[in-house]
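What follows is the residue order along each chain.
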Amino acid sequence: MGIEAPLRGGVTLQCLTLVAPLNSPQRHSPKEPVMPVIAIIGAGPGLGAAVARRFGREGFSVALISRDRSKLDDMVAELDSEGVTARGYSADVRIPAELEDALARAAADLGAISVLQYSPLPSRDYLKPVLELTPELALEAVQFSLLGLIHAARAVLPAMRESGDGTIILINGGTSVKARADFAGTSVAFPAESAYGEMIHDALENEGVRVKQLVIPGAIPRLQLPNGIDDVADRVWELHTDRGPFRTLLIPLEDGRE
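Thresholds, definitions, all that
Residues numbered from 1 in each chain as written. Predicted model: local features only at pLDDT ≥ 70, side-chain atom pairs only at ≥ 80, totals over all residues. Heavy atoms only, no water. Helix = DSSP H or I, 4+ residues; strand = E, 2+ residues; numbered from the N terminus. Contact = heavy atoms within 4.5 Å. Areas by Shrake-Rupley, 256 points an atom, 1.4 Å probe, with all protein chains shown as cover. Salt bridge = Lys/Arg side-chain N within 4 Å of Asp/Glu carboxyl O. Buried < 20%, exposed > 50% of the residue type's maximum accessible area, 1.4 Å probe, protein only. 1 Å grid on protein atoms, 1.4 Å probe; cavity = no way out; pocket = protein on both sides within 12 Å on 5 of 7 lines; lining within 4 Å. Points joined across faces, edges and corners; volume = space filled by probe spheres on them. Nonpolar A, V, L, I, M, F, W, Y, C, P; charged D, E, K, R; others polar. Expected span 1.5 Å × (residues − 1). Arc of directions from axis to C-beta. pLDDT = per-residue confidence, 0-100. Pairing = 2+ DSSP bridges. Right-handed = clockwise from strand over helix to strand, strands pointing away. Phe/Tyr/Trp six-rings, centres within 6.5 Å; stacked < 30°, edge-to-face > 60°. Lys NZ or Arg CZ within 6 Å of the ring centre and 35° of its normal.

A. Looking closely at the overall build of the chain. A count of helical and extended segments in the chain gives 6 helices and 9 strands. A separation threshold of at least 6 residues defines the contact pool for the chain, and within that pool the share at least 24 residues apart is 69%. Of the accessible surface of the chain, which amounts to about 13,800 Å², a share of 54% is contributed by carbon and sulfur atoms.

As structure tokens, then:
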């Protein structure tokens, strides 16, 4: 289609407007859909893998973070065989630089992290009786549970707050609610982790960022859940999609089997 534009001196210039045909590729340049990303810190073949599968069914890609490189490789291969996009990143939660680097690489590889699950399994050393708890062991337990969470949260929260959406989920045992003299390390560290989680829950609840805690009072295989570990993964998914309270107990504390 042409448009005649008059110029000085009575000269006209014909301007052509080019219209691409309806089937032109320029009219259809959809971008690849960006998959949401869950990062699971403390990922293992039990709950971590179950949560990865549950979120994978919902279209998430998965960043698995733990210290054991070989276990990560096995989990990634298994999830890949099931059609779940997953990557593994080796890091020790007690070493901030490693943890922050793992989260940064995951975001670079997969996209901004929209869900963070903080669930590293405490060392059995943290389950010693209180009279055997040393200052050094207490400090390590706090580094593992509280400080690791703070570093992880500060790494993912800027993107979550900018988008106005995101979820951080803490997974803790029953000592996060009630101290036990025979599990002294977690009885000191888990409540500190819980307090931080609850505070950021309160600070961010009007920004669209959810912070939740799931308390599992006992070893999952001993809890006699109808569908075992898959029931726990379903509950984690529900916490991500629900705007409910900060703390949820998987089962009543008195029914726990720690």
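Next comes the rest of the write-up.
B. Structural detail: the pattern of salt bridges. Under the counting rule described, the total for this entry stands at 13 salt bridges. Of the charged contacts, one joins Arg-87 and Asp-109 as a salt bridge, the two residues approaching to 3.4 Å between their closest N and O atoms. Taken as a pair, Arg-87 in strand β5 (residues 86-90) and Asp-109 in helix α3 (residues 96-110) lie far apart in primary sequence, 22 residues in all. With relative accessibility at 39%, the residue Arg-87 sits in the partly exposed group. Between Arg-210 and Asp-165 there is a salt bridge, and its shortest N-O distance comes to 3.0 Å. Taken together, the positions of Arg-210 in strand β8 (residues 209-215) and Asp-165 in the loop between α4 (135-163) and β7 (166-172) put the pair 45 residues apart, joining distant regions of the chain. The class for Arg-210 is buried, based on a relative accessible area of 11%.

C. Structural context of empty space enclosed by the protein. Scanning the model with the defined rule gives 1 cavity of 30 Å³ or more in all. In this structure, the largest cavity spans a volume of roughly 30 Å³. Around the largest cavity, the lining residues are Tyr-118, Pro-120, Phe-144, Ser-145, Ile-171, Asn-172, Phe-190 and Glu-193. Elements with a minimum of two residues in the lining of the largest cavity: α4, β7 and α5 (184-204). Looking at the lining of the largest cavity residue by residue, the classes come out as 5 nonpolar, 2 polar and 1 charged.

D. Structural context of α3. Over its 15 residues, α3 extends 21 Å from the first C-alpha to the last, a length consistent with the 21 Å expected when each residue adds 1.5 Å. Within the sequence span of α3, burial applies to Leu-99, Ala-102, Leu-103, Ala-106 and Leu-110. Around the axis of α3, the buried residues are gathered within 95 degrees of arc, so they sit on the same side. Opposite the buried face of α3, at more than 90 degrees from it, the exposed residues are Ala-97 and Ala-108. Immediately beyond the C-terminal end of α3, within one or two residues, lies Gly-111, with a positive phi of roughly 120 degrees.

E. A look at the layout of surface pockets. One number sums up the size of the largest pocket: a volume of about 1,200 Å³. Among the residues making up the lining of the largest pocket, the classes are represented as 21 nonpolar, 12 polar and 7 charged.

F. Examining the confidence of the model for the chain more closely. On average, residues of the chain carry a pLDDT of 88, and 86% of them reach 70 or more. Low pLDDT, under 50, characterises residues 1-30; the stretch is placed with 24 contacts to residues that sit more than four places away or in other chains.

G. Representation of the pairing of strand β6 (residues 113-118). Burial analysis of β6 places 5 of its 6 residues in the buried class, which makes it a mostly covered element. Relative to β6, strand β3 (residues 37-41) is paired through 5 bridges, and the arrangement is parallel. Considered in β6, the bridge of Val-37 is made with Ile-113. Once the chain exits β6 it traverses α4 before rejoining the sheet at β7, and the crossover so formed is right-handed.

H. Quick peek at the packing of aromatic side chains. Summed over the entire model, instances satisfying the criterion amount to 4 aromatic pairs. Residues Phe-60 and Trp-237 carry aromatic rings whose centres are separated by 6.0 Å and whose planes lie at 90 degrees to one another, so their mutual orientation is edge-to-face. You can see Phe-60 sitting in the loop between α1 (47-57) and β4 (61-66) and its partner Trp-237 sitting in helix α6 (residues 229-241), a full 177 residues away along the chain. Comparing Phe-60 with Trp-237, the two get one shared label, buried. An aromatic cluster of at least three residues, connected via ring pairs, comprises Phe-55, Phe-60 and Trp-237. Over the aromatic face of Phe-183 sits the side chain of Arg-180, whose NZ or CZ is 4.4 Å from the ring centroid.

I. Main features of unusual backbone geometry. The backbone of Gln-224 sits at a positive phi, close to 55 degrees, despite the residue not being glycine. You can see Gln-224 is positioned in the loop between β8 and α6. Looking at Gln-224, the relative accessible area reads 64%, which means it is exposed.

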